[in-house]
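Each chain is listed here by its residues.
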Amino acid sequence: MAFQGKKLINDPNDVVTEFIEGLVETYPGLQYLDGFPEVKVVLRADISGSTHDKVAVISGGGSGHEPAQAGFVGEGMLTAAICGDVFASPPTDSILAGIRAVTGPMGCLLIVTNYIGDRLNFGLAAEQAKSEGYKVEMVIVGDDCALPPPRGIAGRRGLAGTVLVHKVAGAAAASGLSLSAVAAEAKRASEFIGTMGVALSVCTLPGQVTSDRLGPGKMELGLGVHGEPGAAVADLQPVDVIVSHVLKQILSLETNYVPITRGSRVVLLINGLGGTPVMELMIAAGKVVPMLQLEHGLAVERVYTGSFMTSLDMAGFSITVMKANEEILNRLDAPTKAPCWPVGVVGNRPPAKIPVPLPLSLSTKSDETLSRPEQLSS
């Protein structure tokens with residue numbers, strides 16, 4: 001039976017603006033443009049467009065995917081994030097305001113997820129900005145591997161792998177590269193990424209009725225981050241079976257979505273969709289890594305586990321596999337002040353387990369102390 005979803009909110013129409021207010025109160029390095037409710041732009045507090053001497057990296061889209069995109073604004077990652085209403089592309093005027101606010105002589109790169117509304121509105125804003133004299137490039141990210149080719153006019157959806165592109169582009173821009181070089185690195189990174197999700201529930205939009213599309217004991221493979229129907233509905237399976245299927249889909253040689261073959265170095269991102277406990281995400285991560293190593297013959301260089309691009313309160317996760325090289329690893333390891341980027345995943349991985357230490361009294365005894373003494377004292 002359908003019922004009203006429970007949310008800790010005020011007016012459903014104000015959730016995005018109130019989210020932004022709370023975000024900037026929490027993180028002093030962020031601020032927003034005073035254009036509510038039409039213009040909802042989060043930007044770095046330490047720069048001004050007129051004086052910014054590096055390439056600005058801007059992304060955005062519909063809200064409801066937090067921490068993406070606003071939570072990844074900060075030195076070394078995004079310069080600004082343009083927030084639309086929940087699951088709605090931001091308007092062109094809002095995007096244009098963000099470009100004007102942070103773009104200096106070096107220009108700006110727009111990183112856009114592959115949805116029709118986002119492509120249209122960001123594209124129109126880019127053309128308008130160019131007519132005003134700004135240097136603008138745009139990279140479209142479509143990393144979804146749920147559906148086999150042909151994929152129709154729209155192509156592959158942009159999913160959690162977009163966050164890795166943000167990090168690569170942000171680090172490239174922070175290093176002082178030109179706009180064309182930053183755009184080239186972002187495009188190359190986007191071509192190395194494959195993502196697929198699985199969900200146990202459909203998300204509930206603020207003020208709307210909870211959907212009961214997925215019945216008890218069911219899961220949906222390839223569900224979209226806006227609740228769009230996936231590739232298939234199936235009986236719920238153990239996580240071992242789920243992640244095995246998802247990895248085979250991402251790494252399929254038939255679809256050839258990502259240029260990953262045996263022996264490749266890869267980066268793994270396990271992304272919670274909003275309603276998944278950390279325990280379950282870590283269980284998935286612990287199963288995916290050995291599968292990539294032993295079954296697919298891949299070298300797993302970095303593992304990021306957490307909530308990066310959610311779907312409100314959806315229960316489920318997505319798996320992203322990215323082909324890596326030394327340049328990409330350096331970009332991912334580069335420092336950033338973006339508040340929601342995980343800071344503890346840097347450098348080579350030590351052994352996952354070490355021996356249990358012995359009691360001090362046993363581990364420090366030498367052969368001499370254990371042997372029979374030559375003489376006994378009185």
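A. Region of interest: the pattern of salt bridges. This structure, assessed with the given rule, holds 14 salt bridges. Lys 337 is paired through a salt bridge with Glu 75; the nearest N and O atoms lie 3.6 Å apart. One end of the pair, Lys 337, is in the loop between α8 (326–333) and α9 (360–363); the other, Glu 75, is in the loop between β4 (56–63) and β5 (80–86), and 262 residues separate them in sequence. On the accessibility criterion, Lys 337 (63% relative accessible area) is exposed. Salt-bridge contacts for Asp 144 lead to Arg 157; the nearest nitrogen and oxygen are separated by 2.8 Å. Here the residue Asp 144 occupies a position in the loop between β7 (136–141) and α4 (161–174), and Arg 157 occupies one in the loop between β7 and α4, the gap between them amounting to 13 residues. Here the residues in one salt-bridge network are Arg 265, Glu 301 and Glu 326, joined through shared partners.

B. Quick peek at the sheet that holds strand β14 (residues 316–323). Pairing is mixed in the open sheet, where six strands are placed in the order β11-β10-β8-β14-β12-β13. Looking at which strands have only one partner, the edges of the open sheet turn out to be β11 (232–235) and β13 (299–306). Sheet twist, expressed as the average angle between the axes of neighbouring strands with direction ignored, equals 20 degrees. Of the pairings in the sheet, the one linking strand β10 (residues 218–221) to β11 comprises four bridges and is antiparallel in character.

C. Summary view of the packing of aromatic side chains. Counted by the stated rule, this structure contains two aromatic pairs. Ring geometry for Tyr 32 and Phe 36: centres 4.6 Å apart, planes at 5 degrees, overall stacked. Of the residues examined, Phe 36 reaches a relative accessible area of 23% and is grouped as partly exposed. Plain terms: the ring middles of Tyr 304 and Trp 341 are 5.0 Å apart, the flat faces sit at 45 degrees to each other, and that makes the pair tilted. Taken together, the residues span a long stretch of sequence, with Tyr 304 in strand β13 and Trp 341 in the loop between α8 and α9 at a distance of 37 residues. With a relative accessible area of 5%, Trp 341 lands in the buried category.

About the criteria used
- Residues numbered from 1 in each chain as written.
- Predicted model: local features only at pLDDT ≥ 70, side-chain atom pairs only at ≥ 80, totals over all residues.
- Heavy atoms only, no water.
- Salt bridge = Lys/Arg side-chain N within 4 Å of Asp/Glu carboxyl O.
- Helix = DSSP H or I, 4+ residues; strand = E, 2+ residues; numbered from the N terminus.
- Buried < 20%, exposed > 50% of the residue type's maximum accessible area, 1.4 Å probe, protein only.
- Pairing = 2+ DSSP bridges.
- Axes fitted to C-alpha atoms, helices over the stretch in contact; angles between N-to-C directions.
- Phe/Tyr/Trp six-rings, centres within 6.5 Å; stacked < 30°, edge-to-face > 60°.

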